[in-house]
Amino acid sequence: MTRSGCIGVVPIGAIPHVVTQVIAAHITGYLNLKATVLKPLRNPLYALDERRLQFDAGTILETLESRPFERVDKIIGVLNVDLFLPIFTHVFGEARQHGRVALVSLARLAEEPSEKPQLSPTTLERVAKVALHELGHLYGLTHCENDPCLMHFSGSLEELDRTPLNLCRYCTRYFRDETGGPDHFSEAP
Ligand SMILES: [Zn+2]
Ligand SMILES: [Zn+2]
């Protein structure tokens, strides 16, 4: 159960403003939680794995978990670096169940991978979808077998594009309980 239900969206590195704005708008529009864009942080060079030339998502999560972020309940860190977990070649995002911090990276979500991500409507929808999915984990949701549901696991861009932005009925009920019940959920943002 959360107090204010406010989510902080934190750009990490040079993230175009539109990306964090779109994520915040989707958090409010689809999950009915307040969202605010916080001051940017530097690129997480401390998490670079020099052999893989990728960034360790677990190390970034731990570092952000140890930082005080005031007046927000949960944090979504938005990056444009290639993230990995030891057991996966790459991940679109990462969160621990019931954790405080989630990550989403633009690095593998663009239609044409390049140094500067192409911010097409498809890319923006993907980044919002991964952010909302990871936020679901922060509120205790696990992967959902229901297809279509936001909490369905996506291992590829094709699967991600088939996944809706909405939670299924079962996940919606769980999420409402976790975020303070139907009264809070039906409140105007
Ligand atoms: Zn997941
Ligand atoms: Zn579901």
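Residue numbers restart at each chain and count upward from 1, following the sequence in its written direction. Chain letters and ligand numbers both follow the written order, the letters beginning at A and the numbers at 1. It should be noted that, the model being predicted, local features are given only for residues of pLDDT at least 70 and side-chain atom pairs only at 80 or more, the latter also being counted only at that level, while totals for whole chains, interfaces and linings use all residues. Only heavy atoms go into the side-chain values, all of them from the structure, while hydrogens and water stay out.

### Quick notes on the coordination of the zinc ion (ligand 2)
Donors, by definition, are the N, O and S atoms found within 2.8 Å of a metal, the threshold being 3.2 Å for Na, K and Ca, and water is not counted, so a site can look incomplete. The coordination sphere of the zinc ion (ligand 2) contains the protein donors Cys144 (SG), Cys149 (SG), Cys168 (SG) and Cys171 (SG), at a distance range of 2.2 to 2.3 Å. The geometry test gives tetrahedral to four donors whose angles all lie between 85 and 135 degrees, gives square planar to four donors and octahedral to six donors whose opposite members are over 155 degrees apart with all other angles between 65 and 115, and gives irregular to the rest. Around the zinc ion (ligand 2), the four donor atoms are arranged such that angles at the metal cover 107 to 115°; this shape is classified as tetrahedral. Along the chain, the residues donating to the zinc ion (ligand 2) fall in the pattern C-x4-C-x18-C-x2-C. Relative accessibility thresholds used throughout: buried, under 20% of the residue-type maximum; exposed, over 50%; partly exposed, between the two (1.4 Å probe, protein chains only). Classification of Cys149 by relative accessible area gives buried; the value is 0%.

### Quick look at the coordination of the zinc ion (ligand 1)
Taken together, the protein ligands of the zinc ion (ligand 1) are His133 (NE2), His137 (NE2) and His143 (NE2), with distances of 2.0 to 2.1 Å. Expressed as a motif, the donor residue spacing for the zinc ion (ligand 1) is H-x3-H-x5-H. Taken as a pair, His133 in helix α3 (residues 121-138) and His143 in the loop between α3 and α4 (157-162) lie far apart in primary sequence, 10 residues in all. Assessed through its relative accessible area of 40%, His143 is described here as partly exposed. Put simply, DSSP marks the helices as runs of H or I at least four residues long and the strands as runs of E at least two long, and each gets a number from the N terminus on.

### Details of the environment of Val78
Turning to its location among the elements, Val78 is positioned in strand β5 (residues 74-79). Remark: the alpha-carbon pair of Val78 and Ile12, spanning 66 residues in sequence, is separated by 5.7 Å. Not counting chain neighbours up to four residues away, the residues in contact with Val78 comprise Val9, Val10, Pro11, Ile12, Ile15, Val19, Thr20, Ile23 and Val104. The criterion used for residue contact is that any of the two residues' heavy atoms lie within 4.5 Å.

### Quick look at the packing of helix α1 (residues 17-31) against α3
Orientation is described by axes fitted as lines to C-alpha atoms, over the contacting stretch for helices, and by angles from 0 to 180 degrees between their N-to-C directions. For the pair α1 and α3, the least separation of the axes is 9 Å and the interaxial angle reads 55°. In terms of their interaxial angle, α1 and α3 are classed as oblique. When the axes of α1 and α3 are compared, the crossing they make is right-handed. Facing α1, whose interface residues are Val18, Val19, Val22, Ile23, His26, Ile27, Tyr30 and Leu31, α3 presents Leu124, Val127, Ala128, Ala131, Leu132 and Leu135. To sort the angles, those under 35 degrees are grouped as roughly parallel, those over 145 as roughly antiparallel, those from 65 to 115 as roughly perpendicular, and the leftovers as oblique. Two helices crossing with the near one rotated counterclockwise from the far one by less than a right angle form a left-handed crossing, whereas a clockwise rotation gives a right-handed crossing.

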